[in-house]
Amino acid sequence: MAKSPINKEKEKNQCIICRANKDGLPVKTDTVITTVRWFAKNVFKVKNMHRLVVCKDCYLEYKKARKRYIKRRNTYIILGALFAATLIIASSKSATGILYAVGAGALVIIGLYALSLLSYVPGLEKGS
Ligand SMILES: [Zn+2]
């Protein structure tokens, strides 16, 4: 295949593991990526954003990192849910108590989810 001139205008690829500008499997543009990109563009005024990929050399490492992330996120969600359930049970004597508990529980779950995002590893466009 001959190189087309379109390539010049294409966004540069960047591997999310080694940060090198290489070709690779495209990363799925999910809510987290969209949000981060929005902030980068509108708040931090980043221009020339890269297209996120996982290069061939990093694929195995990526798989491991993704697995670790999913595991951690699930643990956080379970912990959050348990904590919220405990709060609700503990305060079930009054209606307002339950309301406060549900609010506090939701905050805990959101907080833990945000915490899991510190080690965020996105999925790929094809497969997970
Ligand atoms: Zn790489």
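Conventions and cut-offs
- Residues numbered from 1 in each chain as written.
- Predicted model: local features only at pLDDT ≥ 70, side-chain atom pairs only at ≥ 80, totals over all residues.
- Core = buried A, V, L, I, M, F, W, Y, C linked by C-beta atoms within 7 Å.
- Buried ≥ 20, exposed ≤ 12 C-beta atoms within 10 Å, placed from the backbone.
- Contact = placed C-beta atoms within 7 Å.
- Helix = DSSP H or I, 4+ residues; strand = E, 2+ residues; numbered from the N terminus.
- Pairing = 2+ DSSP bridges.
- Axes fitted to C-alpha atoms, helices over the stretch in contact; angles between N-to-C directions.
- Domains from an automatic or database assignment.

### Remarks on the nonpolar core
1) Next: One finds Cys15, Val27, Leu52, Val53, Val54, Cys55, Cys58 and Tyr62 forming the largest nonpolar core, which totals 8 residues.
2) Next: Sequence-distant contacts of Val54, defined by excluding residues within four places in its chain, comprise Cys15, Ile16, Ile17, Gly24, Leu25, Val27, Tyr59, Tyr62 and Leu124.

### Overview of the environment of Lys12
1) Next: In this fold, Lys12 is placed in the segment before strand S1 (13-15).
2) Next: The sequence separation of Lys12 and Asn48 amounts to 36 residues, and the corresponding C-alpha distance is 8.1 Å.
3) Next: With sequence-adjacent residues up to four places away left out, Lys12 is seen in contact with Asn21, His50 and Arg51.

### As for the sheet that holds S1
Backbone hydrogen bonds are what pair the strands of a sheet, in a parallel or an antiparallel way.
1) Next: Spatial strand order, S1-S3-S2: 3 strands in an open sheet with mixed pairing. The open sheet has two edge strands, S1 and strand S2 (24-26), and neither has a second partner. Each neighbouring strand pair of the sheet contributes to a mean axis angle of 50°, computed without reference to strand direction.
2) Next: Of the strand pairs in this sheet, S2 and strand S3 (residues 51-55) are connected by 3 bridges, and their pairing is antiparallel. Bridging from a neighbouring strand, Pro26 pairs with Val53 of S3.

### Considerations on the domain arrangement of the chain
1) Next: The assigned domain composition of the chain is domain 1 (1-54) and domain 2 (62-119).
2) Next: For domain 1 and domain 2, the distance between their C-alpha centroids amounts to 32 Å.

### Thoughts on unusual backbone geometry
1) Next: The residue Arg19 is not glycine, and still its phi comes out positive at about 65°.
2) Next: On the secondary structure map, Arg19 appears in the loop between S1 and S2.
3) Next: The exposure class of Arg19 is exposed, given the 11 C-beta atoms found within 10 Å.
4) Next: The phi dihedral of Lys45 is positive, around 50°, even though this residue is not glycine.
5) Next: Note that Lys45 resides in the loop between helix H1 (31-42) and S3.

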